[in-house]
Amino acid sequence: KNQVEQSPQSLIILEGKNCTLQCNYTVSPFSNLRWYKQDTGRGPVSLTIMTFSENTKSNGRYTATLDADTKQSSLHITASQLSDSASYICVVSKGSYDKVIFGPGTSLSVIP
Amino acid sequence: DAMVIQNPRYQVTQFGKPVTLSCSQTLNHNVMYWYQQKSSQAPKLLFHYYDKDFNNEADTPDNFQSRRPNTSFCFLDIRSPGLGDAAMYLCATSSNYRDSYNEQFFGPGTRLTVL
């Protein structure tokens, strides 16, 4: 069964600290994995995309990793800011335009 | 800027009263999607259009319908909203070109409240 799981479900960290969010998937065939950030009451916005051959990709303070062998991905946030408070959703694509599997998301709260 | 626009941002309707949500895009993408997202849950795909071809998800209730009169616009019609239909409704678009990695661009969403 094609599934995407994320952990933790929610996370609270102090401003300035680092954190890592996890994504495990069983989607097959695999095309790419994308991390989205969704602010409360807004639509998701893409942070990074990784294909099978990519191990790491950065976007500012966000760094995503992918291990296609173990089917795991992580999103590392460095020097967190209050504006990082959002839901982070891992989305795996099967390759065709209509086949994307959403994870349940991790709710991150950054507090002063 | 190219973007996905949803109107209204907030919609309040009465139980059983039909409602229409609107989505427009300036990206000239072939594919448009409608998602339903309930609190603390992942978006759930309702249906999508590939050009004018309509593709309904198997578990989408008949209460939900959609129209795409042209490339730029897509509408979500809820014929008889129930309390369980209160949610955020997200519109998204994507290009069908392989080198775009199927990225979906989301609109800001319409928050639907059913009284």
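Residues numbered from 1 in each chain as written. Chains lettered and ligands numbered in written order. Predicted model: local features only at pLDDT ≥ 70, side-chain atom pairs only at ≥ 80, totals over all residues. Heavy atoms only, no water.

## A look at the interface of chain A and chain B
Part 1 of the argument: Residue-level contacts link 21 residues of chain A with 23 residues of chain B.
Part 2 of the argument: Between the two partners, chain A and chain B, sit 0 salt bridges.
Part 3 of the argument: Put simply, chain A and chain B have 4 residue pairs in polar contact (both at pLDDT 80 or more) between them.
Part 4 of the argument: Contributions of two or more residues to the side of chain A that touches chain B are made by β4 (32–38), β5 (45–51), β9 (86–93) and β10 (100–102) of chain A. (Contact = heavy atoms within 4.5 Å. Salt bridge = Lys/Arg side-chain N within 4 Å of Asp/Glu carboxyl O. Polar contact = N/O pair within 3.5 Å; in protein donor to acceptor, adjacent residues only side chain to side chain. Helix = DSSP H or I, 4+ residues; strand = E, 2+ residues; numbered from the N terminus.)

## Digging into the sheet that holds strand β3 (residues 19–25) of chain B
All names here are of chain B.
Part 1 of the argument: Spatially, β1-β3-β8-β7 is the arrangement adopted by the 4 strands of the open sheet, whose pairing is antiparallel. Two strands bound the open sheet, and with one partner strand each, they are β1 (4–7) and β7 (64–67). Adjacent strand axes in the sheet meet at a mean angle of 20° when their direction is disregarded.
Part 2 of the argument: Alignment of β1 against β3, held across 4 bridges, turns out to be antiparallel. The residue bridging Asn7 from the neighbouring strand is Ser22, located in β3. (Pairing = 2+ DSSP bridges. Axes fitted to C-alpha atoms, helices over the stretch in contact; angles between N-to-C directions.)

## So, the sheet that holds strand β6 (residues 56–59) of chain A
All names here are of chain A.
Part 1 of the argument: Spatial ordering of the open sheet is given by β1-β3-β8-β7-β6, a layout of 5 strands whose pairing is antiparallel. Two strands in the sheet have a free side with no partner beyond their single neighbour: β1 (4–7) and β6. Ignoring strand direction, the axes of neighbouring strands in this sheet form an average angle of 15°.
Part 2 of the argument: As judged from the 6 bridges shared by strand β7 (residues 62–67) and strand β8 (residues 72–77), these two strands associate in the antiparallel manner. Paired with Leu66 across the strands is Ser73, a residue of β8.

## Some thoughts on the state of the cysteines
Part 1 of the argument: This structure, assessed with the given rule, holds 2 disulfides over all chains.
Part 2 of the argument: For Cys23 of chain A, the disulfide goes to Cys90 of chain A, at an S-S distance of 2.0 Å. Its S-S torsion of approximately -65° makes the covalent link between Cys23 of chain A and Cys90 of chain A left-handed. Of this pair, Cys23 of chain A sits in strand β3 (residues 19–25) while Cys90 of chain A sits in strand β9, placing them 67 residues apart in sequence.
Part 3 of the argument: Owing to a relative accessible area of 0%, Cys90 of chain A belongs among the buried residues under this scheme.
Part 4 of the argument: Linked covalently through their sulfurs, Cys23 of chain B and Cys91 of chain B form a disulfide whose S-S length is 1.9 Å. Since a negative S-S torsion denotes a left-handed disulfide, the Cys23 of chain B-Cys91 of chain B link at about -70° is left-handed. On the criterion of sequence distance, the pair formed by Cys23 of chain B in strand β3 and Cys91 of chain B in strand β9 (residues 87–94) is long-range, its members being 68 residues apart. (Disulfide = S-S within 2.5 Å. Buried < 20%, exposed > 50% of the residue type's maximum accessible area, 1.4 Å probe, protein only.)

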